[in-house]
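The lines below spell out each chain.
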Number of protein chains: 2
Amino acid sequence: MDYQLYYWTGIQGRGEFVRLALEDAGARYVDVAREAGNAALQPFLDGERDGARPFAPPFLASGNLVVAQVANILHFLGPRLDLVPEGEAAQLQALQLQLTIADLVTEIHDSHHPIASAAYYEDQEEAATRRALDLRTHRLPKFLGYFEQVVGRGNGHALGAHSYVDLSLFQIVRGLDYAYPQAMAALAPTIPQLRRLEARIAERPNIAAYLASGRRLAFNTNGIFRHYPELDGGIAEKD
Amino acid sequence: MDYQLYYWTGIQGRGEFVRLALEDAGARYVDVAREAGNAALQPFLDGERDGARPFAPPFLASGNLVVAQVANILHFLGPRLDLVPEGEAAQLQALQLQLTIADLVTEIHDSHHPIASAAYYEDQEEAATRRALDLRTHRLPKFLGYFEQVVGRGNGHALGAHSYVDLSLFQIVRGLDYAYPQAMAALAPTIPQLRRLEARIAERPNIAAYLASGRRLAFNTNGIFRHYPELDGGIAEKD
């Protein structure tokens, strides 16, 4: 195997952005914890391995390298899997867009855990209700409007041609459809380009095969994208 | 001028991580908004310029390139300013560490704005009190403990030699000293390596000159690091 992906079992989580790239490219990889259990991650997280210690999963091992942080992993994989246009300018732009996706992912996560990531949702539900309202009414329109313009300018692609950024935008749209269906319905008229990108990605043969496989876990309320009906609603402040 | 830095006036903010790299290297740059006002940022943010549209400041222009996202800017500048060791492995590791710093910066910001970044602190102070308690008791010990080990293994440097990551860690320590002095006093026994790194960075001639100049703004309660005494305290849950 060329790559070993390390991420928690049972959820898509941040690992999914890496999985989609590996799957789309048909890379040879093993999803280590799904074969050996979550304990396989611990020696890396405890700093017992040589090289760069990951602060958190996901991380990817390839030969002697261990690379952590989703955007960094995709920056590493992009040229190797032919998932980023050639040249420094394009690769910097890809990284910039992926980092903005990472910011959005954090905001989506924090909409159900605004106080403490290690505490129960139920113990921060009131704050979550307020943060989710802000996410729906201000942050999602701003982020998705930004990516809509980027994709519109890129002839249907974030970078003018297929890249790992398109795969991550697919995941963002699918995740938000699951977590915030009412908000996404209200936003639909504003994101036609992102919808077309999502549909096109889903039809790519390797992605279609992956989505139909057991390797693609269902979204659930342990992941980043969580469907709590009380957090969903329209995109106007009054909702 | 080789570089144009675009960031809001009046605060250090995320722009400071870029400024420290430019200043340490003695790069020729202009801090555009401080000369021309914040309005100079708007055409970029509105997507009226060619190339990669920034989602938010800071962004850096160099020739025809516009690069946004702090970690991406530093990844771009690192080799050009001799602020990262040579080779792909070291540069990936630098990016990984800088992205973990970016995550910490977001958590520090959200400790005073856990509900909505655009809303007043006073309207989210109760939630902020809870989030800041979690930051002090769980997140700061975890993040700073991680960086302490990284610097300990790197012979006093994040990467075994001087880099932009060291400069950013300096800024983290200084910012936390301002925002959370009680928590940092309690954490002091656990971060001797980070303290030595901070002292060493402050003595670098270009950094010492910068810190003594009018270009280094004081920390204040409009930036990322904010001192609100009601959010500070010890690092044990009972505090």
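Residues numbered from 1 in each chain as written. Chains lettered and ligands numbered in written order. Predicted model: local features only at pLDDT ≥ 70, side-chain atom pairs only at ≥ 80, totals over all residues. Heavy atoms only, no water.

Caption draft 1: How the structure looks around the pattern of salt bridges. Tallied over the full model, the rule gives 26 salt bridges over all chains. Between arginine 80 of chain B and glutamate 88 of chain A there is a salt bridge, with its nearest N and O atoms 2.8 Å apart. Here glutamate 88 of chain A lies in helix H5 (residues 88-112) and arginine 80 of chain B lies in helix H4 (residues 70-80), a pairing that spans two chains. A salt bridge links arginine 195 of chain B to glutamate 198 of chain B; the nearest nitrogen and oxygen atoms lie 2.7 Å apart. Taken together, the residues span about one helical turn, with arginine 195 of chain B and glutamate 198 of chain B both in helix H9 (residues 192-202) at a distance of 3 residues. (Salt bridge = Lys/Arg side-chain N within 4 Å of Asp/Glu carboxyl O. Helix = DSSP H or I, 4+ residues; strand = E, 2+ residues; numbered from the N terminus.)

Caption draft 2: Quick look at the environment of alanine 128 of chain A. Residue and element names in this part refer to chain A. The residue alanine 128 is located in helix H6 (residues 125-153) in this model. Assessed through its relative accessible area of 0%, alanine 128 is described here as buried. Expressed as a C-alpha distance, the spacing of alanine 128 and leucine 211, which sit 83 residues apart in the sequence, is 30 Å. (Buried < 20%, exposed > 50% of the residue type's maximum accessible area, 1.4 Å probe, protein only.)

Caption draft 3: Seen up close, the side chain of glutamine 124 of chain B. In this fold, glutamine 124 of chain B is placed in the loop between helix H5 (88-112) and helix H6 (125-153). In terms of polar contacts, glutamine 124 of chain B uses its side chain to reach the backbone amide nitrogen of isoleucine 115 of chain B, at 2.8 Å. Excluding residues within four positions of it along the chain, glutamine 124 of chain B makes contact with Arg130 of chain A together with His112, His113, Pro114, Ile115, Ala116 and Ala119 of chain B. (Polar contact = N/O pair within 3.5 Å; in protein donor to acceptor, adjacent residues only side chain to side chain. Contact = heavy atoms within 4.5 Å.)

Caption draft 4: Highlighting the sheet that holds strand E2 (residues 29-31) of chain B. Residues and elements named next belong to chain B. An order of E2-E1-E3-E4 is seen for the 4 strands of this open sheet, with the pairing classed as mixed. Each edge of the open sheet is held by one strand with a lone partner, namely E2 and strand E4 (65-68). Across this sheet, the average inter-strand angle for adjacent strands is 20°, counted without regard to direction. Sheet topology places strand E3 (residues 59-62) next to E4; 4 bridges connect them, and they run antiparallel. When the bridges of E4 are listed, phenylalanine 59 appears paired with alanine 68. Where H4 meets the sheet, its contacts fall on strand E1 (3-6), E3 and E4, and the angle it forms with E4 comes to roughly 125°. (Pairing = 2+ DSSP bridges. Axes fitted to C-alpha atoms, helices over the stretch in contact; angles between N-to-C directions.)

Caption draft 5: Molecular detail of the interface of chain A and chain B. Contacts between the two partners involve 46 residues from chain A, matched on the other side by 46 residues from chain B. With both chains or domains summed, chain A and chain B bury close to 3900 Å², and 52% of this area falls on carbon and sulfur atoms. Summed over the shared surface of chain A and chain B, the number is 4 salt bridges. Between arginine 131 of chain B and aspartate 110 of chain A there is a salt bridge, and its shortest N-O distance comes to 3.4 Å. Applying the counting criterion to the chain A and chain B interface returns 27 residue pairs in polar contact (both at pLDDT 80 or more). At the level of secondary structure, the elements contributing two or more residues to the side of chain A that touches chain B comprise strand E4 (65-68), helix H4 (70-80), H5 and H6 of chain A. Looking at which element gives the most residues to the side of chain A that touches chain B, the answer is H5 of chain A, with 11 residues. (Buried area = accessible area lost by both parts, 1.4 Å probe.)

Caption draft 6: Structural detail: unusual backbone geometry. Between proline 57 of chain A and proline 58 of chain A the backbone carries a cis peptide bond, its omega angle lying at 0°. The topology assignment puts proline 58 of chain A in the loop between helix H3 (42-45) and strand E3 (59-62). The backbone of glutamine 69 of chain B shows a phi angle near 80°, a positive value even though the residue is not glycine. Looking at where glutamine 69 of chain B falls in the secondary structure, it is placed in the loop between E4 and H4.

Caption draft 7: Molecular detail of the packing of H5 of chain B against H6 of chain B. All names here are of chain B. Where H5 meets H6, the axes come as close as 9 Å, and the angle between the chain directions of the two elements is 160°. With respect to H6, the axis of H5 lies roughly antiparallel. Pair H5 / H6 crosses with left-handed handedness. The residues of H6 that touch H5, namely those facing Gln96, Leu97, Thr100, Ile101, Asp103, Leu104, Glu107, Ile108, Asp110, Ser111 and His112, are Ala128, Arg131, Ala132, Leu135, Arg139, Leu140, Phe143, Leu144, Tyr146, Phe147 and Val150. (Parallel < 35°, antiparallel > 145°, perpendicular 65-115°, else oblique. Left-handed = near helix turned anticlockwise from the far one by under 90°.)

Caption draft 8: The sheet that holds E4 of chain A, seen in detail. Residues and elements named next belong to chain A. Read across the open sheet, the 4 strands follow the order E2-E1-E3-E4; overall the sheet is mixed. A single partner strand is all that each edge strand has here, and the edge strands are strand E2 (29-31) and E4. Looking at each pair of strands side by side, their axes are set apart by 20° on average, direction ignored. Relative to E3, strand E1 (residues 3-6) runs antiparallel, the two being bridged by 3 bridges. Bridge pairing links leucine 5 to leucine 60 in E3.

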